[in-house]
Amino acid sequence: MGAMPQPPAPRKTTGRPARISRTEILRTALRIVTDEGVARLTMRRLASEVGSTPMALYHHVRDKEELLLLLLDDYAAQHLHRPSTAPTEPRERVIAAATAIHEVLADCPWVVEVLTADDLMSKSALWFVEQIVDGLTACGLTLESAVHGYRAIWYYTAGEIVIRTTAAHRRAADDRPTYRERVFTDLDPDELPRLAEVSDRWAPLTAQDIYVHGLTALVNGLLARPD
C-alpha cells in the first residue's frame, strides 16, 4: 500500500502588522520628548519605536501637531488640577491661576517648548486661562485688555521657564565660563558703573526664583494703567 499523500504545507502569509494603540503611541512620544526634546519627535521615528509604519500612525493621529496636543492634554489632565477653593479677590485669583500654571510647567520644560509655538493650547488648561481673563475683567479691564493682559502674563511665564531651563542645561553640559561671565569679569566701571558693581553677584542674583514677585508686579502694572 502506497504512502498517504501529505497535505500541502500551509502558505506563509505576512499578515497584518501588530495593532498599536493610542496609549502606546502617546507613551512612546512622551518618552522621546522628555528625553530628547520636541525637535527629535517625528512620525517616522515614532513609528519605528512602536514597531509600526508612519501610515499606521495616521489612523490614530492626524499629524505631529495633533500628537503634541494630545500629549499636552494628557499631561495637563494629570498634573494641572483645579483647586478646591480659589481666592475670592480677583487680583489674587489671577496670580494664583498663573502660579499654578508656572508650577506645573516648570517641572516639564518640553511642554513649554510646545506651547511657545503660541497656537497650541491644552483644553485642560483653559480653566486657568479663564480665571486670569475673568479676574482681570473683574478688576476693571475690558475683555480685550484682559486678553492682552493674559498674553503678557503667559509670555512672562513661558519665557521665565524657557530661559531658566536652557541655562540649566547649558551649565550641566559645559562647565566652562559662559560668554556673559567672561564679559562681566572685565567691565569698565566708568562706562557701566552699576553692572560693574554687581558683576560678581550677577549670576546668583539672576538665579533666584522671583517668579511670583515679578508676576505680582506685572499684574499690578496691568491693572494700574488706564484701560
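As the structure is a computational prediction, the values presented were derived from the model and not from experiment.

Enquirer: So what's going on with the overall build of the protein chain? Which residues, and what values?
Expert: Within the protein chain, the secondary structure is distributed over 12 helices and zero strands. Going from N to C terminus, the protein chain has its helices and strands arranged as α-α-α-α-α-α-α-α-α-α-α-α. Over its C-alpha atoms the protein chain spans a radius of gyration of 26 Å, topping by over 25% the 17 Å that the globule rule assigns to 227 residues. Along the three orthogonal principal directions, the C-alpha set of the protein chain runs to about 110 × 50 × 25 Å. Residues counted as buried form 32% of the 227 residues belonging to the protein chain. When contacts within the protein chain are restricted to residue pairs at least 6 apart in sequence, long-range pairs at least 24 apart make up 70% of them. If you sum the accessible surface of the protein chain, you get close to 15,100 Å²; carbon and sulfur atoms cover 55% of it. In the protein chain, 26 positive and 31 negative side-chain charges are present, and the distance between their average locations comes to 11 Å.

Enquirer: Describe the packing of helix H8 (residues 143-173) against helix H12 (residues 211-224), naming the residues involved and giving the relevant values.
Expert: Where H8 meets H12, the axes come as close as 11 Å, and the angle between the chain directions of the two elements is 160°. One finds that H8 runs roughly antiparallel with respect to H12. Here H8 and H12 pass one another in a crossing that is right-handed. Where H8 approaches H12, its residues Gly149, Ala152, Ile153, Tyr156, Thr157 and Glu160 are matched on the opposing element by Tyr211, Gly214, Leu215, Leu218, Val219 and Leu222. Classifying every residue of the contact of H8 with H12 by side-chain character gives eight nonpolar, three polar and one charged.

Conventions and cut-offs
Residues numbered from 1 in each chain as written. Predicted model: local features only at pLDDT ≥ 70, side-chain atom pairs only at ≥ 80, totals over all residues. Heavy atoms only, no water. Helix = DSSP H or I, 4+ residues; strand = E, 2+ residues; numbered from the N terminus. Rg over C-alpha atoms; globule rule 2.2 N^0.38 Å. Buried < 20%, exposed > 50% of the residue type's maximum accessible area, 1.4 Å probe, protein only. Contact = heavy atoms within 4.5 Å. Areas by Shrake-Rupley, 256 points an atom, 1.4 Å probe, with all protein chains shown as cover. Lys, Arg positive; Asp, Glu negative; His and termini not counted. Charge placed at Lys NZ, Arg CZ, Asp CG, Glu CD. Axes fitted to C-alpha atoms, helices over the stretch in contact; angles between N-to-C directions. Parallel < 35°, antiparallel > 145°, perpendicular 65-115°, else oblique. Left-handed = near helix turned anticlockwise from the far one by under 90°. Nonpolar A, V, L, I, M, F, W, Y, C, P; charged D, E, K, R; others polar.

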